[in-house]
Amino acid sequence: MAFPQRVKMSDVARTAGVSVATVSKVVNGRYGVAQATVERVQQVIHQLGYEASLGAQSLRSHRTNVLGILVAEFEPFSTELLKGASREVTGTGYQLLAYSGGDGDTAIGWERRSLARLSGTLIDGAVIVTPTVVETKQGFHVVAVDPHTGPSGLPTVDSDNFAGAMLAADYLLSLGHRRIAHISGRPDLESARLREAGFRRAMADAGVTVDERLVRVGGFRIESAAATAAELLALPDRPTAIFAGNDLSAISTVDVARSMGLRVPDDLSVIGFDNVPESALVNPPLTTIAQPLQQMGAEALRLLIDLIGGVERDTHVRLPTELVVRASCAPCPPRQRRPLSAPAATGGA
């Protein structure tokens, strides 16, 4: 397949019958060109599909008017954030560049490498999804969505993970479940820590002692969550319900349960977190805690634009979560129900 060559400024000048210097003035909005010439050059630019090089543009103006969305990988959570950001960028004068750190690399440093490649010449600022600790150069703005547990001081957009986890646990408790497992997320993320803490608080408030054997790391990933779910469901006294750290982990848990001959929700109730589109499409449709993911993406982009523009505002945006009841949870079978125990110390998260 033959690809068209990039249209150059000289191509525009030749087609319009003017000098390269004149085209440069038109492209950069400088004075000294007759209106009729400006209109002719603009017509040729449109006709040929000319676009100024971002690198050259940044060297001239120190701005590209492009904002980056940096992710470790394009999975459902990141994709929903990107939808919200792409909608919010309309009419702002900015364009959006979505960039993956590659290979699902969640190790510390992926975002530093990404910023090193993009900042200064390709993007004017960045929204980074689930970053580890990031130090940015002076004058380059970064907004974090669902940040690392360590201190970074970055402007942040997140949801109320603690309250959402309490909603999940309270719902399972209301169905009579007492032996409830939690498949937690990435230990390095604040969201995972808060979801485990919310789960523990709800259990303690209900007077239910957390069995520490039922709290295990799933890492927010399908493969690792599947292995964790298999371990939990192979226990002699398996849980009657599982609160998974995110929807992908919950969907993986449902698949594992089915492979082990368990019916969801008759034999096992499963609840997730995020409300990605896939959660409504699985069988059975997944009960979950909804984060306003697209709104989070839009809020992160708006915060970034405000910071670049020097607008003084709150640099931490926290959005509410809510319970979405579908079909993956059911009342605990009477034969498996246990009475409430006396309140006990749960050890915290």
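Within each chain, residues carry numbers counting from 1 in the order of the written sequence. Reporting of local features is limited, given that this is a predicted model, to residues whose pLDDT is at least 70; pairs of side-chain atoms are given and counted only at 80 or more, and all residues count toward the totals for whole chains, interfaces and linings. No hydrogens and no water enter the side-chain calculation; it runs on all heavy atoms of the structure.

Caption draft 1: Region of the structure containing the nonpolar core. Counting 24 residues, the largest nonpolar core has V127, V143, V145, V157 and M296 as its most contacted members. Helix and strand labels come from DSSP, where a helix needs a run of H or I of at least four residues and a strand needs a run of E of at least two; each type is numbered from the N terminus. Listing elements by their share of this core, those giving two or more residues are β1 (66-71), α5 (76-88), β3 (125-129), β4 (141-145), α11 (293-308) and β11 (316-319). Take this core: its biggest share by element is eight residues, from α11. Filtering out sequence-adjacent residues up to four positions away, M296 remains in contact with L81, V145, V157, D158, S159, Q291 and L319. Of all hydrophobic cores here, the second largest spans 21 residues; its members include Y171, L172, L175 and F199. Among the buried residues, those of types Ala, Val, Leu, Ile, Met, Phe, Trp, Tyr and Cys that are joined through side-chain atoms within 4.5 Å form a nonpolar core. Relative accessibility under 20% of the residue-type maximum defines a buried residue, over 50% an exposed one, and the middle range a partly exposed one, all with a 1.4 Å probe and only protein chains included. Should any heavy atoms of two residues lie within 4.5 Å, those residues are considered in contact.

Caption draft 2: Layout of the pairing of strand β5 (residues 156-159). Residue alternation in β5 divides its side chains into two sets, T156 and D158 and V157 and S159, and both sets are buried. One bridge is not enough; two strands pair if DSSP finds at least two bridges between them. The pairing of β5 with β11 spans four bridges and is classified as parallel. The residue of β11 that forms the bridge with V157 is V317.

Caption draft 3: How the structure looks around the sheet that holds strand β8 (residues 241-244). Read from one edge to the other, the open sheet built from six strands follows the order β7-β6-β8-β9-β10-β12, with strand pairing classed as mixed. Either end of the sheet is taken by a strand with one partner, and the two such strands are β7 (215-217) and β12 (322-324). Looking at each pair of strands side by side, their axes are set apart by 20° on average, direction ignored. As judged from the four bridges shared by strand β6 (residues 180-184) and β8, these two strands associate in the parallel manner. Bridged to I183 within β8 is A244. Axes, fitted as lines to C-alpha atoms, cover a helix only where it is in contact. Angles between the N-to-C directions of the axes lie from 0 to 180 degrees. Relative to the sheet, helix α8 (residues 190-205) contacts β6, β7, β8 and β9 (269-274), its axis offset from that of β6 by approximately 165°. Across the sheet, helix α10 (residues 247-259) is in contact with β6, β8, β9 and β10 (287-290); its angle to β9 comes to roughly 155°.

Caption draft 4: Spotlight on the packing of aromatic side chains. Aromatic pairs are defined between Phe, Tyr and Trp rings, using the six-membered ring for Trp, whenever the two ring centres lie within 6.5 Å; interplanar angles under 30 degrees are classed as stacked, those over 60 as edge-to-face, and all others as tilted. Inspection of the entire model under this criterion finds two aromatic pairs. For the pair F199 and F243, a centre-to-centre distance of 6.3 Å together with 45° between the ring planes defines the contact as tilted. Taken together, the residues span a long stretch of sequence, with F199 in helix α8 and F243 in strand β8 at a distance of 44 residues. Neither F199 nor F243 differs from the other in exposure class; each is buried. Centre to centre, the rings of F243 and F273 are 6.5 Å apart; their planes meet at 40°, and the pair counts as tilted. Within this pair, whereas F243 is found in strand β8, its partner F273 is found in strand β9, the two being separated by 30 residues in sequence.

Caption draft 5: Local environment of empty space enclosed by the protein. Cavities and pockets were defined on a 1 Å grid built from protein atoms only: a cavity is a group of points that admits a 1.4 Å probe but offers it no way out, a pocket is an open group of points flanked by protein on both sides within 12 Å along at least five of seven lines, and a lining residue is one with an atom within 4 Å of any such point. Grid points are joined across faces, edges and corners, and a volume is the space filled by probe spheres set on the points. Scanning the entire structure with this criterion turns up one cavity of 30 Å³ or more. Roughly 40 Å³ of volume is contained in the largest cavity. Lining the largest cavity, in full, are I69, L81, L82, A85, V127, V129, V145 and G297. Only α5 and β3 provide two or more residues apiece to the lining of the largest cavity. A total of three residues in the lining of the largest cavity trace back to one element, the largest contributor, which is α5. For this classification, the nonpolar set comprises Ala, Val, Leu, Ile, Met, Phe, Trp, Tyr, Cys and Pro, the charged set comprises Asp, Glu, Lys and Arg, and every other residue, Gly included, is treated as polar. Counted by class, the lining of the largest cavity contains seven nonpolar, one polar and no charged residues.

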